[in-house]
Amino acid sequence: MSDDFVERLNARLQPNAIQRCLIRAGMFLTGYELLKAEIQDKVKGFFVFPAFDNEPEDTREYDSKVKILDKSEFRACCKWLHQNGAINETQLQAVFDIRDFRNKVAHELPNFIIDQSYEIPRGVLENMEFIITLLGQFWGRIEVDIHPDLDPQSIDDHDIRSGSSLLMELVINACAEV
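Keep in mind the model is a prediction, meaning the values are calculated, not measured.

A. Highlighting the overall build of the chain. If you tally the helices and strands in the chain, you get eight helices and zero strands. Start at the N end of the chain and walk to the C end: the helices and strands fall as α-α-α-α-α-α-α-α. In terms of C-alpha radius of gyration, the chain reaches 20 Å, well past the compact-globule figure of 16 Å for 178 residues. In terms of overall dimensions, the chain has a C-alpha envelope of 65 × 35 × 35 Å along the principal axes. Looking at the 178 residues of the chain, the share that counts as buried comes to 36%.

B. Local environment of the side chain of Ser-162. Examined against the element boundaries, Ser-162 turns out to sit in the loop between helix 7 (122–146) and helix 8 (163–176). Filtering out sequence-adjacent residues up to four positions away, Ser-162 remains in contact with Glu-38, Ile-132 and Gly-136.

C. Structural context of the packing of helix 7 against helix 8. The contact between helix 7 and helix 8 brings their axes to 9 Å, and the two run at 165°. Considering the angle they form, helix 7 stands roughly antiparallel to helix 8. As for the relative orientation of helix 7 and helix 8, their crossing is left-handed in sense. Along the contact surface, helix 7 presents Arg-122, Leu-125, Glu-126, Met-128, Glu-129, Ile-132 and Thr-133, while helix 8 presents Ser-164, Ser-165, Met-168, Glu-169, Ile-172, Cys-175 and Ala-176. Grouping the constituent residues of the contact of helix 7 with helix 8 by class yields seven nonpolar, three polar and four charged.

Criteria and cut-off values
Residues numbered from 1 in each chain as written. Predicted model: local features only at pLDDT ≥ 70, side-chain atom pairs only at ≥ 80, totals over all residues. Heavy atoms only, no water. Helix = DSSP H or I, 4+ residues; strand = E, 2+ residues; numbered from the N terminus. Rg over C-alpha atoms; globule rule 2.2 N^0.38 Å. Buried < 20%, exposed > 50% of the residue type's maximum accessible area, 1.4 Å probe, protein only. Contact = heavy atoms within 4.5 Å. Axes fitted to C-alpha atoms, helices over the stretch in contact; angles between N-to-C directions. Parallel < 35°, antiparallel > 145°, perpendicular 65-115°, else oblique. Left-handed = near helix turned anticlockwise from the far one by under 90°. Nonpolar A, V, L, I, M, F, W, Y, C, P; charged D, E, K, R; others polar.

See below:
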């Protein structure tokens, strides 16, 4: 082993470097769960209402309009959002890439600690924040449009912020310090 390799490995194995890596990984995984909720939970919630009196939920419309789009429920929900104008083709692919990266972080976390080629780029977090914001605006616009006490024309989409987008903003700001 070269002295340079040993020095780099020792630097990565210092407690503060391990903490930084694990904190960034935790922030990324938190962001992914926020993104997933904006996608999968909200699309399903758009079609399926909670059942009452122990009646089973009616998922027929969800199954026929969403789940049919892909064998993966997550990917199917993403495709439905794309079809309905919430995200464009580039953002759809970015969501798929974020999911692939999420699997890498979750399943290969020790590599992120040891190997310097494994990093969680700030750009991935910022892209997640952007997409979460877009989705929050999409769902918020639907709420504004159907709310009888609101004037839809008086509310600009850019003024709509979801709880997920606000939380992701806090995650990004915390990441700036790590």
